Amino acid sequence: MRSQRFLIAILIAAAVAGLLLLWHMVRLASSMPVVREARVALDYPAGVPRHPIRIALISDTHMSGPDSPPARIKQIVTAVNAQRPDIVLLAGDYLGNDKPLGARYSPAESTAPFARLRAPLGVLAVLGNHDYWNNSAQAVRAGLERAGVTVLVNRAIRRESLAIGGVDDVIHGRPDIAGTVRATRSLGGIPILLAHEPDIFVLSPRFGPLMLTGHTHCGQVVFPLIGALWLPSKVGRRYTCGRYDEGGRTLIVTGGVGTSGLPIRLGAAPEFWIVTIVPK
């Protein structure tokens, strides 16, 4: 009898612990993002004003319920504006997917909150792999443009001191990395490459000095000692998230603000980055 009671107590304790862990993961997924900061010293070309430039990097908004409804994305936009960036870069995956007890939003709804972003040099974006699902890429692009966002698909644009190239999605798009690199270099500003997946860092080894990406969600569910259970990248855990300085180049991978699959996070809080570029 005593052993049965002990076993029942263990099972109850395990069930309670499991429910508390699930509650924590759901709460973390829907929490406001952590603001990560990086300071990157780069060579400024001749004739370029030598003042710092603040870049806000946002990715993987994945608007969908219950963790990332329109109201939350609007709050995140307000938080980004409060950082007073000079320019905002969006690294893809604006569409969500079906989640338990959740809602799914159209491309127009998923991109509309970006109209509230405020930055002197504007808002630029690339598309992510989720934005191509169900043949939605054109609708996503149209929604971004209606929100005043400039969409870069294998092309580059000059914004003051910056020459920013945007590469199409590596998984479902048609990336022209060499062409985008040439176009970026031809503009004569400080070259920056924007893409959805960090795989671009390996696929374009001759480009420098700064690349900005998202896609990984920092693993989304990361256990102590074990690490991330799965990362959607051909380079595995090599570029999970954060800053990587290799061979005179810098890669910054943001874990994004939304979720994919289940609306949970563990050991990988939502985040966006403020990257400040300064002259060497």
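Just above sits the structure.
Residues numbered from 1 in each chain as written. Predicted model: local features only at pLDDT ≥ 70, side-chain atom pairs only at ≥ 80, totals over all residues. Heavy atoms only, no water.

Draft legend 1. The side chain of threonine 213, seen in detail. Mapped onto the secondary structure, threonine 213 falls in strand S9 (residues 210–213). The buried category is assigned to threonine 213, whose relative accessible area is 0%. With residues near it in sequence (within four places) discarded, threonine 213 still touches Leu57, Ala91, Ala195, His196, Glu197, Pro198, Ile200, Leu251, Ile252, Val253 and Thr254. (Helix = DSSP H or I, 4+ residues; strand = E, 2+ residues; numbered from the N terminus. Buried < 20%, exposed > 50% of the residue type's maximum accessible area, 1.4 Å probe, protein only. Contact = heavy atoms within 4.5 Å.)

Draft legend 2. Examining empty space enclosed by the protein more closely. All told, the structure shown has 1 cavity of 30 Å³ or more when counted by the stated rule. In this structure, the largest cavity spans a volume of roughly 40 Å³. Looking at the largest cavity, the residues that line it are Ile58, Thr61, Ile73, Ile76, Val77, Val80 and Phe114. At 4 residues, the largest contribution of residues to the lining of the largest cavity is made by helix H2 (residues 70–82). Of the residues that constitute the lining of the largest cavity, the class distribution is 6 nonpolar, 1 polar and no charged. (1 Å grid on protein atoms, 1.4 Å probe; cavity = no way out; pocket = protein on both sides within 12 Å on 5 of 7 lines; lining within 4 Å. Points joined across faces, edges and corners; volume = space filled by probe spheres on them. Nonpolar A, V, L, I, M, F, W, Y, C, P; charged D, E, K, R; others polar.)

Draft legend 3. Broad picture of the nonpolar core. Membership of the largest hydrophobic core comes to 27 residues, with the highest contact counts inside it found for Ile55, Leu89, Leu162, Ile164 and Leu212. For this core, the elements supplying multiple residues, two or more each, are strand S1 (34–42), strand S2 (53–58), strand S3 (87–90), strand S7 (162–166), strand S8 (190–194), S9 and strand S14 (271–279). Those residues in contact with isoleucine 164, other than ones at most four positions away along the chain, are Ile87, Leu89, Leu124, Leu152, Arg155, Ala156, Ile157, Thr184, Ile192 and Leu194. Judged by nonpolar contacts, the second largest core, of 26 residues, contains Ile58, Val77, Leu127 and Val151. (Core = buried A, V, L, I, M, F, W, Y, C linked by side-chain atoms within 4.5 Å.)

Draft legend 4. Seen up close, the state of the cysteines. All told, the structure shown has 1 disulfide when counted by the stated rule. A sulfur-sulfur distance of 2.3 Å marks the disulfide that ties cysteine 218 to cysteine 241. Negative torsions about the S-S bond denote left-handed disulfides, and the value of about 115° found for cysteine 218 with cysteine 241 makes this one right-handed. Taken as a pair, cysteine 218 in the loop between S9 and strand S10 (222–223) and cysteine 241 in the loop between strand S11 (227–228) and strand S12 (242–246) lie far apart in primary sequence, 23 residues in all. With a relative accessible area of 7%, cysteine 218 lands in the buried category. (Disulfide = S-S within 2.5 Å.)

Draft legend 5. Examining the environment of proline 198 more closely. Among the structural elements, proline 198 can be located in the loop between S8 and helix H6 (200–203). A relative accessible area of 0% means that proline 198 is categorised as buried. Along the sequence, proline 198 and glycine 128 sit 70 residues apart, while their C-alpha atoms lie 12 Å from each other.

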